[in-house]
Amino acid sequence: MNRDGWTGVSLVASREIGIRLRSKAYRLSTLALLVVIVGFAVVMKLIGGGSGADAAVGVTGPTSALAAPLQAAGQAVGETVEVRTLPDEAAGRTQVSDGDLDALLVGDGSRVRVVVKKDLDENLRTALNVLAGQLALNQQITALGGDPAQVNAAVSGAGVEVSPMEQPYPYNGQQLVLGIVAGILIYMSLLLNGQSVAQGVVEEKTSRVVELLLATVRPWQLMAGKVLGIGAVGLIQMVLIGVVGIVAGLATDVLTISVSAAAGTVVWLIVWYLLGFLMYSIVFAGLGALVSRQEDVGGAVTPALFFVIAGYVVGISVLPSNPGSGLVALLSVIPVFAPTLMPMRLAMGGVAPWEAILSVALVVALIPVLVWLSARIYRNAVLRTGAKVGFREALRPA
């Protein structure tokens, strides 16, 4: 490409960037997204700002011996129980009444009796039932002349021995959430900014502005400049959202993963936004040139949007329950699905380096093919108004 070619592209791109950055809708939408992200981090901090326990249970002198067994029983059923030692039962009842305690263990500790304000949480009930069963078993062992501590040690030490042929990847819950968020951001950006390219093409056709522009630049320069300009504006928005979201999460301790892991997620988010946007917006520009009315844009770009939506739906429906899904791993290296699926998997971790390299390489290799294809469609259809231009007709040599 010669210097004059790049000059035409840069002029069109600068025009698109200026128009969209001055748009009040763009500024308000970006600000709204940033407020939502920061607000979400603050709310999550407030929700999880307590002790981190699922339930708080009080004990007094007679029931203090049940503290450790209760926590062990809670751990066995997946319930984190915070045990608070209180001076007497009256103080405990006051805290239960005030809502500071979920339950108060009362009695002499020979059996499990609790006082609650109204109802007993089902998960806490399960933990207390396990404790009650353990107490009953200990009493029977003692009655038979055995040692409950020795029996419990033998029982707790027993378990299944698992010998995996392949070591599973230790997925982190926060990384899973980051992966889903990354996929959602990519999906929204492709959906909104990608369609903006097609809508801009149709708008220029309808207003006949395209005829004036093509008197100065060539069709491929107009298409490339529009794609790069809108892409740059979308990139600014994506970087702001990604950086502010990570900083807010780390600052409020909602995210406890390492800074390097969080930064890596933002970097991959930007990389895949750029690759995905370039790939799909080039296609959207070509498809948008086929129609002359804004109401026809949706139908024209639907075939391409199908792949964006399909990748997103597969990712959010499969990955949360099965992060190591072989189907998702396969689809994530296929170029049409990679922009939504691969950033999810990369944020979650466990992606082999060759998979990430292969997915990027395939998308990079596909983009020049799409540029050639869309440029031909754009050149043949962008000046034709009225009825929709047929796909085969648009592909004919000029």
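Within every chain, residues take consecutive numbers counted from 1 along the sequence as written. Per-residue local features are limited, in this predicted model, to residues with pLDDT of at least 70; the limit for side-chain atom pairs, both in listing and counting, is 80 or more; totals at the level of whole chains, interfaces and linings are taken over all residues. To obtain the side-chain values, all non-hydrogen atoms of the structure were included, while hydrogens and water were left out.

Colleague: Describe the overall build of the chain, with residues and values.
Modeller: Per the secondary structure count, the chain includes 15 helices and 4 strands. Since a compact globule built from 398 residues should have a radius of gyration of about 21 Å, the 30 Å found for the chain marks it as more spread out than a globular shape. C-alpha extents for the chain along the principal axes are approximately 100 × 50 × 35 Å. Using a 1.4 Å probe on the protein chains alone, a residue whose accessible area is under 20% of its type maximum counts as buried, one over 50% counts as exposed, and one in between counts as partly exposed. In the chain, which comprises 398 residues, the proportion classed as buried is 42%. The criterion used for residue contact is that any of the two residues' heavy atoms lie within 4.5 Å. Once local pairs closer than 6 in sequence are excluded, the contacts in the chain between residues at least 24 apart make up 74%. All accessible areas in this document rest on Shrake-Rupley with a 1.4 Å probe, and a residue is counted as covered only by the protein chains that are shown. As displayed, the chain offers around 20,800 Å² of accessible surface, 63% of which is attributable to carbon and sulfur atoms. Neither His nor the chain termini are counted; the positive set is Lys and Arg, and the negative set is Asp and Glu. Here the site of a charge means NZ on Lys, CZ on Arg, CG on Asp, or CD on Glu. Treating the 26 positive side-chain charges of the chain as one cloud and the 25 negative ones as another, the clouds have centres 20 Å apart. For helices the rule is a DSSP run of H or I covering at least 4 residues; for strands it is a run of E covering at least 2, with both sets numbered from the N terminus onward. Our radius of gyration is a C-alpha quantity, and the globule rule it is checked against amounts to 2.2 Å times the number of residues to the power 0.38.

Colleague: Before we move on, could you go through the UniProt feature "transmembrane region" (unreviewed entry) in the chain and cite the residues and values that matter?
Modeller: UniProt positions are given in the numbering used here, feature names are shortened, and annotations may be inferred rather than shown by experiment. According to UniProt, the positions carrying the feature "transmembrane region" (unreviewed entry) are residues 25–47, 173–192, 227–250, 270–290, 297–319 and 356–375. Here residues 227–250 is 100% helix and 0% strand, with 34 Å between the C-alpha atoms at its ends. Annotation note: span residues 270–290, helix share 90%, strand share 0%, distance between end C-alpha atoms 30 Å.

Colleague: Tell me what's going on with the sheet that holds strand β3 (residues 103–106), and back it up with residues and numbers.
Modeller: Think of a sheet as strands paired side by side through backbone hydrogen bonds, with each pair either parallel or antiparallel. In spatial order, the strands read β2-β1-β3-β4; together these 4 strands make up an open sheet with mixed pairing. Each of the sheet's edge strands pairs with one partner strand only, and the pair in question is β2 (81–85) and β4 (113–115). In this sheet, adjacent strand axes meet at a mean angle of 30 degrees when their direction is disregarded. Of the pairings in the sheet, the one linking strand β1 (residues 55–59) to β2 comprises 5 bridges and is parallel in character. Residue Ala-56 lies in a different strand from β2, and its bridge partner there is Glu-82. Its contacts with the sheet place helix α4 (residues 89–98) against β2, β3 and β4, and it is angled at close to 160 degrees to β3. Pairing between two strands is assigned when DSSP locates at least 2 bridges connecting them. Orientation is described by lines fitted to C-alpha atoms, with helices fitted over the stretch in contact, and by angles between N-to-C directions that extend from 0 to 180 degrees.

Colleague: I'd like a description of the packing of aromatic side chains, backed by residues and values.
Modeller: What describes a pair of aromatic rings is the distance from one ring centre to the other and the angle between the planes of the rings. Stacked, edge-to-face and tilted labels apply to pairs of Phe, Tyr and Trp rings (six-membered ring for Trp) whose centres lie within 6.5 Å, assigned for plane angles under 30 degrees, over 60, and everything in between, in that order. Enumeration according to the criterion identifies 5 aromatic pairs in this entry. Summarising the aromatic geometry, the rings of Phe-307 and Phe-337 are spaced 5.9 Å apart at their centres and angled 65 degrees between planes, so their arrangement reads as edge-to-face. One end of the pair, Phe-307, is in helix α11 (residues 297–318); the other, Phe-337, is in the loop between α12 (326–331) and α13 (338–348), and 30 residues separate them in sequence. A relative accessible area of 31% places Phe-307 in the partly exposed class.

Colleague: Could you give an account of the pattern of salt bridges, with specific residues and numbers?
Modeller: Here a salt bridge means any side-chain nitrogen of Lys or Arg lying within 4 Å of a carboxyl oxygen belonging to Asp or Glu. Tallied over the full model, the rule gives 7 salt bridges. For Arg-20, the salt bridge is made with Glu-16, and the minimal N-O distance between the two is 3.3 Å. Remark: Glu-16 and Arg-20 occur in helix α1 (residues 3–21); sequence separation between them is 4 residues, near one turn of the helix. Between Arg-93 and Glu-89 there is a salt bridge, with its nearest N and O atoms 2.9 Å apart. With Arg-93 and Glu-89 both in helix α4 and 4 residues apart, the pair spans about one turn of that helix. Classification of Arg-93 as partly exposed rests on a relative accessible area of 41%. In this structure Glu-89 comes out as partly exposed when scored by relative accessible area, which is 34%. Connected via shared salt-bridge partners are Arg-15, Glu-16, Arg-20 and Lys-226.

Colleague: Account for a nonpolar patch on the surface, with residues named and values stated.
Modeller: There is a patch of nonpolar side chains on the surface, built from Leu-21, Ile-236 and Leu-240 and spanning about 210 Å² of accessible area. As for its position among the elements, Leu-240 is in helix α9 (residues 219–251). Residues forming no salt bridge and having over 30% relative accessible area are the ones grouped into patches, like charges within 9 Å of each other and nonpolar side chains (Val, Leu, Ile, Met, Phe, Trp, Tyr) within 5 Å.

Colleague: Please give an account of α4 that cites residues and values.
Modeller: Nitrogen and oxygen atoms within 3.5 Å of one another constitute a polar contact, given that in protein one can donate a hydrogen and the other can accept it, and given that sequence-neighbouring residues count only through two side-chain atoms. Between the side-chain oxygen of the N-cap and the backbone nitrogen of Ala-90 there are 3.2 Å, and the N-cap of α4 in question is Asp-88. Downstream of α4 by a residue or two, Gly-99 has a phi angle that is positive, lying close to 90 degrees.

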